[in-house]
Amino acid sequence: LGRKMNSPQTIYALSSGALPAAIAIVRISGPLAKKALQLLGATNLTPRKLILTKLKPSKQEIIDMALVCFFSKEESITGEDLAELHLHGSLAVVDEVFLFLSSITGLRPAEPGEFTKRSLLNGKMGLIEVEGLADLIASETKEQRIQSLRLLKGELSKKYLKWGKELIRIRAEMEALLDFSDEGDVSQK
């Protein structure tokens, strides 16, 4: 895979659990992520740093006092500019944020699994790591959690790559033996 996805659309979704909750995390991924934060009133953004921000779009009431964070596409899990809003987890707050985001041209709600899909298509995660993430989310036991984390960290991918290289080496040796077996200077193992 490893090819870069060029998505013109910016997506957003609730990335934390069901509401109401103490905290609700909303993610925004795509080329308009930073602009969306700025339109919400977050102006002094330092990449990869949570900043307490008054979410107040111009000419509107304050939506919430939230922690916001911005990741450039080089440093984000999706391979695109990514913003996170750590909101108070009330239905009213999240609904108001979603209402505002939906008013921005070029933004749309994410489909289920779309953040992970973008991570895969942009080469930030491999298929095995994506499966590990799905397994981790669904894990119910300690053993399932540990195995899922091993997949997510890429341990199995590394093993498969090692096996693949070894198979290529063995195949090359076999082809050389078959091609040059009648010549006396080729050693046979």
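The structure under discussion appears in the preceding block.
Let us look at the structure shown here. (Residues numbered from 1 in each chain as written. Predicted model: local features only at pLDDT ≥ 70, side-chain atom pairs only at ≥ 80, totals over all residues. Heavy atoms only, no water.)

## Structural notes on helix α2 (residues 91-102)
The periodicity of an α-helix, 3.6 residues per turn, causes residues three or four places apart in sequence to face the same way.
1) Next: Taking 1.5 Å per residue as the helical rise, α2 with its 12 residues ought to reach 16 Å, and the 16 Å between its terminal C-alpha atoms agrees with that figure.
2) Next: Inspection of α2 places V93, V94, V97, F100 and L101 among the buried residues, and these make up the whole buried set. The buried side chains of α2 occupy one side of the element, clustering within an arc of 125 degrees when seen end-on. The outward face of α2, more than 90 degrees from its buried face, is lined by the exposed residues A92 and L99. (Helix = DSSP H or I, 4+ residues; strand = E, 2+ residues; numbered from the N terminus. Expected span 1.5 Å × (residues − 1). Buried < 20%, exposed > 50% of the residue type's maximum accessible area, 1.4 Å probe, protein only. Arc of directions from axis to C-beta.)

## Thoughts on the nonpolar core
1) Next: Residues I28, L37, L55, V68, L85, L87 and L101 are the most contacted members of the largest nonpolar core, which totals 26 residues.
2) Next: Looking at this core, the elements that each hand over two or more residues are β2 (21-29), α1 (33-39), β3 (51-55), β4 (64-71), β5 (82-89) and α2.
3) Next: Once residues within four sequence positions are removed from consideration, L87 is found in contact with A22, I23, A24, V26, L55, D64, A66, V93, V94 and V97. (Core = buried A, V, L, I, M, F, W, Y, C linked by side-chain atoms within 4.5 Å. Contact = heavy atoms within 4.5 Å.)

## Looking at the packing of aromatic side chains
1) Next: Taken as a whole, this structure holds one aromatic pair when the rule is applied.
2) Next: Consider the rings of Y12 and F98, whose centres lie 5.4 Å apart with planes at 55 degrees: the pair is tilted. Of the two residues, Y12 is situated in strand β1 (residues 10-14) and F98 in helix α2; the sequence distance between them amounts to 86 residues.
3) Next: Judged by relative accessible area, which is 4%, Y12 ranks as buried.
4) Next: The positively charged end of K34 is found above the aromatic ring belonging to F70, 5.2 Å away from the centroid. (Phe/Tyr/Trp six-rings, centres within 6.5 Å; stacked < 30°, edge-to-face > 60°. Lys NZ or Arg CZ within 6 Å of the ring centre and 35° of its normal.)

## Quick word on helix α3 (residues 114-121)
1) Next: Among the eight residues in α3, six count as buried, and that is most of the element.
2) Next: Turning to α3, its buried residues number three or more, namely E114, F115, R118, S119, L120 and L121.
3) Next: For α3, the elements touching its buried residues are β1, β2, β5, β6 (107-109) and α4 (127-138).
4) Next: Positive phi shows up at G123, right after α3, with a value of about 75 degrees.

## Overview of the side chain of S72
1) Next: Checked against the element boundaries, S72 lands in the loop between β4 and β5.
2) Next: Classification of S72 as buried rests on a relative accessible area of 18%.
3) Next: Here S72 is in contact with E80 and D81, once residues within four sequence places are set aside.

## Notes on the pattern of salt bridges
1) Next: Scanning all chains against the criterion turns up eight salt bridges.
2) Next: Of the charged contacts in the structure, one is a salt bridge between R48 and E75, with a shortest N-O distance of 3.5 Å. Residue R48 is located in the loop between α1 and β3, and its partner E75 is located in the loop between β4 and β5; the two are separated by 27 residues in the primary sequence.
3) Next: Look at R48 and you get exposed, because its relative accessible area is 56%.
4) Next: A residue is classified by how much of its surface remains accessible, and E75, at 40% relative accessible area, is partly exposed.
5) Next: The salt bridge involving E173 is made with R169; its shortest N-O contact spans 2.4 Å. Of this pair, E173 and R169 both sit in helix α6 (residues 155-180), four residues apart, which is roughly one turn of the helix. (Salt bridge = Lys/Arg side-chain N within 4 Å of Asp/Glu carboxyl O.)

## As for the environment of G17
1) Next: With respect to the helices and strands, the residue G17 is situated in the loop between β1 and β2.
2) Next: We classify G17 as partly exposed; its relative accessible area is 47%.
3) Next: Along the backbone, G17 and G123 are 106 residues apart, and their C-alpha atoms lie at a distance of 26 Å.

## Section: the pairing of β1
1) Next: Of all five residues in β1, four are buried; the element is thus mostly enclosed.
2) Next: As paired strands, β1 and β6 are joined by three bridges and run parallel to one another. From the neighbouring strand, Y12 faces β6, where its bridge partner is P109.
3) Next: Direction of pairing for β1 relative to β2: antiparallel, over a ladder of four bridges. Its bridge partner lying in β2, L14 is registered against V26.
4) Next: Remark: six residues form the turn of the hairpin made by β1 and β2, two consecutive strands paired antiparallel. (Pairing = 2+ DSSP bridges.)

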